[in-house]
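# Close look at the chain arrangement
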Amino acid sequence: MKVESWIFQPEYESMKREDLEKLQEERLRKLVRYCYENSPFYRKRFKEAGLSPDDIKGLDDLSKIPFTTKDDMREAYPYGMLATSLENVLEIHASSGTTGKPTTTFYSQRDIDIWSEVMARIYASAGAKKGDIIHNAYGYGLFTGGLGFHYGALKIGAAVVPVSSGGTERQLTLARELGTTILCCTPTYAMYLAEYARTKLGWDPKKELKWKSGIFGAEPWSEKLRQRIEDELGLEAFDIYGLSEIIGPGVSVECGEHDGLHVFEDHWLVEVIDPATGEPVDEGEVGELVITTLTKEAMPLLRYRTGDLTTWTTEECSCGRTIGRMGRILGRADDMVKVRGVKFWPKALEEAILSVEGASGHFIAKIERPKIMDVLTIEVEPDPEVFEMVKGDLSKLEPLRKKIVDKVRNAIGVTPNVVLKPVGSVQRFTGKAKRVVDLRKLNE
Ligand SMILES: [Zn+2]
């Protein structure tokens, strides 16, 4: 199904590039002065770098400003990055801190207005409008996904069902009974919903559900997974990108062309750099995404290193937007896995496995080092129909198993052990998927 994608704020999303750059320049100058005057963190940074706000006259001066990193944010926990008085803050989010100290994000009224606006742009791009019923299965709570999608729905005047994450049967029952039209969740969860509807409820999701488009993000996913989701749910899938440090969801979205994600450049100033040297890479080259928040009030960030690897282009898009596009996220610089000296991203595994007919998207890869050599073992479920066909006798699926081995070897350059597993036995994820588990650290 193809939806009618539209542009919520053409005055910004489709403005002439030279006007956009002028606007960015004005906003950057203002932002730098604001940070210097209101953020103790940035004032100190500027002084250490021997930099004054007057040194930043235009976009060409951007590289003079030091990068801001996740570590800076951790060190500043809880209130160190705040650039306004606490009484101007209306909302505070915190990361889980599973990999160290947590980080905080603050929103003033203006920030929430901006958040609503960029999320409204995302909905418009995915064809949502007044009269739609938004099925918001992103988690409400400290995770920024739920509320971001909520505010955007209010802004475009659609009805939002704040179903949040979990309770899959209830989600599906509600979706059918209320007739929700737009699905918002992680791509992994969309797959799970489709599978659950088919296998546990005996539904054909395309017939029972009215979802015409889906807005999927919060984890990198592949083109192959898009095809699966679209086939199974009969909707048009849109990739989005965002991160809580910047605003939550709301940095960028695909348009109906599905050829990259338009970044809302009037709010987010983009650079793509070589993660090793910090130098900019050419348009089209892979590098780390760096974002400066041009308009944020409570917690503005200058040149924030997202850790996410992507590409960038300002080439015009046929949808009519003039704002530039980032590629799909290839992975995180620090999520890359190294097996027998070969580096790859978990997404490459997903892409390879899903390209094999008869293989499902449910898999877990484990990396171990029993002796000297790394061993990569991938447990994969066949498609339920295929599983049914051999009446659960996995030994009859040896050709399928071999095909997966070949595809993965060709994709990443490492030969894996592939083990086929009965349908339903591999772990399901309802939030962000963690499909590659590195057990080597436990054995060291
Ligand atoms: Zn476009």
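Bear in mind the structure is a predicted one, so any value in this text is a computation, not a measurement.

### What about the overall build of the protein?
A count of helical and extended segments in the protein gives 14 helices and 21 strands. For 444 residues, the compact-globule estimate of 2.2 N^0.38 gives 22 Å, and the C-alpha radius of gyration of the protein, at 23 Å, lies within 12% of that figure. Overall size of the protein, expressed as C-alpha extent along the three principal axes, is 70 × 60 × 40 Å. Buried positions account for 55% of the 444 residues belonging to the protein. At a minimum sequence separation of 6, the contacts of the protein that also span at least 24 residues come to 67%. A total of about 19,400 Å² of accessible surface is found on the protein, and carbon and sulfur atoms cover 50% of it.

### As for the coordination of the zinc ion
Coordination of the zinc ion by the protein is provided by C255 (SG), H262 (NE2), C317 (SG) and C319 (SG), with metal-donor distances spanning 2.1 to 2.3 Å. Classification of the site at the zinc ion as tetrahedral follows from its four donor atoms and the range of 102 to 113° in their angles at the metal. In the primary structure, the donors to the zinc ion are separated according to the pattern C-x6-H-x54-C-x1-C. With a gap of 57 residues between them, H262 in strand β9 (residues 261-263) and C319 in the loop between β13 (312-313) and β14 (325-326) connect regions that are remote in the sequence. We classify C319 as partly exposed; its relative accessible area is 24%.

### Description of the environment of K64
Assignment of secondary structure puts K64 in the loop between α3 (40-48) and α4 (70-75). Separated by 53 residues in the primary sequence, K64 and E11 place their C-alpha atoms 30 Å from one another. Not counting chain neighbours up to four residues away, the residues in contact with K64 comprise L51, D55 and I56. A distance of 3.3 Å separates a polar side-chain atom of K64 from the backbone oxygen of D55.

### With respect to the pattern of salt bridges
Under the definition given, this model contains 36 salt bridges. Two residues, R428 and E195, come together in a salt bridge whose shortest N-O distance is 2.6 Å. Of this pair, R428 sits in the loop between β20 (417-420) and β21 (436-438) while E195 is found in helix α8 (residues 187-199), placing the two residues 233 residues apart along the sequence. The same class applies to R428 and to E195, which are both buried. Between R409 and D406 there is a salt bridge, with its nearest N and O atoms 2.6 Å apart. Of the two residues, R409 and D406 both sit in helix α13 (residues 398-412), three residues apart, roughly one turn of that helix. The class of D406 is partly exposed, set by a relative accessible area of 35%. Through salt bridges that share partners, E223, R226, D239, E254 and R328 make up one connected network.

### As for the sheet that holds strand β6 (residues 213-216)
Spatially, β4-β3-β5-β6-β7-β8-β9-β14-β13 is the arrangement adopted by the nine strands of the open sheet, whose pairing is mixed. Among the strands making up the open sheet, the edge pair consists of β4 (159-161) and β13. Both strand β8 (residues 248-254) and β9 contribute to a ladder of three bridges, which runs antiparallel. What sits directly across from V253, in β9, is H262. Sheet contacts for helix α6 (residues 144-156): β3 (133-136), β4, β5 (182-185), β6, β7 (236-243) and β8; angle to β8, the most-contacted strand, approximately 65°. The strands touched by helix α10 (residues 223-233) within the sheet are β5, β6, β7 and β8, with β7 carrying the most contacts at an inclination of about 130°.

### Things to note about a nonpolar patch on the surface
On the surface, a cluster of nonpolar side chains totalling about 280 Å² of accessible area is made up of Y79, L86 and I92. Along the chain, L86 falls in the loop between α4 and β1 (89-94).

### Some details on the nonpolar core
In terms of nonpolar packing, the biggest core is built from 70 residues, with Y123, I134, I215 and W268 touching the most fellow members. Take this core: its biggest share by element is eight residues, from helix α5 (residues 109-125). Setting aside residues up to four positions removed in sequence, I215 forms contacts with I122, Y123, A126, Y138, F149, I182, L183, C184, C185, F238 and I240. Counting residues in hydrophobic clusters, the runner-up holds 28 residues, among them F387, L394, L397 and L400.

### What about the sheet that holds strand β11 (residues 287-293)?
With antiparallel pairing, the four strands of this open sheet are ordered in space as β10-β11-β12-β15. The two strands at the open ends of the sheet, each matched to only one other strand, are β10 (268-273) and β15 (331-332). For β11 and strand β12 (residues 304-310), the ladder comprises four bridges, and the chain directions are antiparallel. By the bridge assignment, G287 is partnered in β12 with T310.

### A few points about the domain arrangement of the protein
Quoted interface sizes are often the accessible area lost when the parts come together. With domains assigned, the protein is organised as domain 1 (10-15 + 105-332) and domain 2 (337-443). At the interface, 22 residues of domain 1 touch 22 residues of domain 2. Interface area for domain 1 against domain 2, summed over the two sides, is near 1,800 Å², with a carbon-plus-sulfur share of 56%. For domain 1, the biggest contributors to the area lost against domain 2 are E195, K224 and R228; these three give 28% of the whole. Counting across the domain 1 and domain 2 interface gives three salt bridges. Across the pair E385 and R198 runs a salt bridge, and its minimum N-O distance is 3.4 Å. The tally of links from domain 1 across to domain 2 stands at eight residue pairs in polar contact (both at pLDDT 80 or more). Looking at which element gives the most residues to the side of domain 1 that touches domain 2, the answer is α8, with six residues.

How each quantity is defined
Counting restarts for each chain: residues are numbered from 1 in the order of the written sequence. Reporting of local features is limited, given that this is a predicted model, to residues whose pLDDT is at least 70; pairs of side-chain atoms are given and counted only at 80 or more, and all residues count toward the totals for whole chains, interfaces and linings. The side-chain quantities take in all heavy atoms of the structure and omit both hydrogens and water. Only runs of H or I of at least four residues qualify as helices and only runs of E of at least two qualify as strands under DSSP, and these elements are numbered from the N terminus. The globule rule used for comparison is 2.2 Å times the number of residues to the exponent 0.38, while the radius of gyration itself is calculated over C-alpha atoms. A 1.4 Å probe rolled over the protein chains alone gives each residue an accessible area, and that area as a share of the maximum for its type sets the label: buried under 20%, exposed over 50%, partly exposed in between. Any pair of residues with heavy atoms lying within 4.5 Å of one another is described as a contacting pair. Methods summary: accessible areas were calculated by the Shrake-Rupley approach with a probe of 1.4 Å, and residue burial reflects only the protein chains presented. Each metal's donors comprise the N, O and S atoms found within 2.8 Å of it (within 3.2 Å for Na, K or Ca). Water is not part of the atom list, so some coordination spheres may appear incomplete. Labels for metal geometry use angle windows, namely 85 to 135 degrees for all angles of a four-donor tetrahedral site, and for square planar (four donors) or octahedral (six donors) sites opposite donors over 155 degrees apart plus all others within 65 to 115; sites meeting none of these are irregular. Side-chain atoms alone can form a polar contact between residues adjacent in sequence; in general such a contact is a pair of N or O atoms within 3.5 Å, and within protein one must be able to donate a hydrogen while the other accepts it. Take a side-chain nitrogen of Lys or Arg and a carboxyl oxygen of Asp or Glu: if they are within 4 Å of each other, that pair is a salt bridge. Here a strand pair is declared whenever DSSP counts at least two bridges between the two strands. Structural elements are reduced to axes, namely lines fitted to C-alpha atoms, with helices fitted over the stretch in contact, and the angle between N-to-C directions of any two is expressed from 0 to 180 degrees. Each patch is built from salt-bridge-free residues with over 30% relative accessible area, joining like charges within 9 Å and nonpolar side chains (Val, Leu, Ile, Met, Phe, Trp, Tyr) within 5 Å. By nonpolar core we mean a set of buried residues, namely Ala, Val, Leu, Ile, Met, Phe, Trp, Tyr and Cys, connected to one another through side-chain atoms within 4.5 Å. Domain borders in the structure are assigned automatically or taken from a domain database. Computed with a 1.4 Å rolling probe, the buried area is the accessible surface lost when two parts are put together, summed over both parts.

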